Amino acid sequence: MSRDHDNTQSDSAEKAVYFISTFYKFQKDADPEKTKAYLEELAQKLDVRGLIIIGTEGFNATVCAKTPESMEDYKQGIRDYFKVPDLFFKDSVSDVRPFRRFRVKIRKEIVTLGDTSLVPYDMEGKNHHLSPTEWNQVMKNEDHVIIDTRNWYETKIGTFKGSLNPMTDKFTEFPEYLESKNIPKDKKILIFCTGGIRCEKGILEVQKQGYENVYQLYGGILNYLKEYPNDQFEGECFVFDHRVAVDQELQPSTQYKLCPHCGQPGKTEIDCKRCDTHALICEDCSEIPFKQDTCSKNCAHHYELHPERKAERQELPFESEEW
């Protein structure tokens, strides 16, 4: 094979576009195993990758395809199987491949708050949702408290102006945080998350604690940025796939990569002292000996043992694998 042909293939791969959709629904499912089999069969047929969390309370998904036709066919399969013709899909495109494979996980909760009694079956779509336009109106013109319900590493790279950051490691810590803040019960409270699903349960917890004047952002940050880039949201939005984050235009982040040591978003550039591989690590790991100078857990371990020994430059395994 000629060098020119190799370059053509490489250029083609670099220009590949992936069609992505995020969606969820709270509705009772009597047979998650049957649902899992259907979703896997449909994904294999249409060559769709991604992650879907399912359970007796519904489904929560982000998937991607190589063609818009495959994506539309998969979305139609979702609508038909779950009988939800008006399901809200948050769509975007990317030249970074979000997923290597397709997985369906069955869990007790499709978003884990830790209270299985709080499920918005009948209230979804009605329980104090604000459109991006309505959200802006409140943020700019009304007195309010705004709370970011996401985890600390998500909030670190971007959030709404003036947001309280609970600094939680997981969503199950949100109820305790809210209780500790002692916000006046008559205060207008705004809550938000990435795509909306955490707030569907989060708002029930806020209301359970006695707050009535509470509102959630419909469709989350992803829906907001589609309509109002570079407005009230500052920075980038963390996503749970290989894009790491999306910018104000919903394009894959060019600033952040997943830190090879801890998995959090990082943008601190280093050249590994063991293998000379260029990498991005997070701010926290950049202050830890052996992690601050290495591109992987393996290099950190061996560099600590034998700092004088060198290794071959590493390749990025994700980029070298077949779609």
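Criteria and thresholds
- Residues numbered from 1 in each chain as written.
- Predicted model: local features only at pLDDT ≥ 70, side-chain atom pairs only at ≥ 80, totals over all residues.
- Heavy atoms only, no water.
- UniProt positions renumbered as here; feature names shortened; annotations may be inferred.
- Core = buried A, V, L, I, M, F, W, Y, C linked by side-chain atoms within 4.5 Å.
- Buried < 20%, exposed > 50% of the residue type's maximum accessible area, 1.4 Å probe, protein only.
- Helix = DSSP H or I, 4+ residues; strand = E, 2+ residues; numbered from the N terminus.
- Domains from an automatic or database assignment.
- Pairing = 2+ DSSP bridges.
- Axes fitted to C-alpha atoms, helices over the stretch in contact; angles between N-to-C directions.
- Contact = heavy atoms within 4.5 Å.

- The name given to the chain in an unreviewed UniProt entry is tRNA uridine(34) hydroxylase, with Pseudobdellovibrio exovorus JSS as the source organism.
- Per its UniProt entry, the chain bears the Catalytic activity (unreviewed entry) comment "uridine(34) in tRNA + AH2 + O2 = 5-hydroxyuridine(34) in tRNA + A + H2O".
- Quoted straight from UniProt, the Sequence similarities (unreviewed entry) entry for the chain says "Belongs to the TrhO family."

### Section: the nonpolar core
- Counting residues in each nonpolar core, the largest one holds 25 residues, and the members touching the most others are Phe26, Ile147, Ile183, Ile189 and Val206.
- When contributions to this core are tallied by element, the ones reaching two or more residues are strand E1 (18-26), strand E7 (145-148), helix H6 (174-181), strand E9 (189-192) and helix H7 (197-208).
- Sort the elements by how many residues they give to this core and H7 lands first, with five residues.
- Split by domain, this core shows at least three residues from each of two domains, domain 1 (18-106) and domain 2 (129-239).
- Grouped together as the second largest cluster of nonpolar side chains are 21 residues, Leu39, Ile54, Leu87 and Phe89 included.

### Digging into the sheet that holds strand E3 (residues 58-65)
- With mixed pairing, the five strands of this open sheet are ordered in space as E4-E1-E3-E2-E5. Two strands lie at the open edges of the sheet, namely strand E4 (90-94) and strand E5 (102-106), each paired on one side alone. Neighbour-to-neighbour, the strand axes of the sheet open up by a mean angle of 10°, direction not taken into account.
- In terms of strand pairing, strand E2 (residues 49-55) meets E3 through seven bridges, oriented antiparallel. Bridged to Gly50 within E3 is Val63.
- Running at roughly 175° to E5, helix H2 (residues 32-46) makes contact with E2 and E5 of the sheet.

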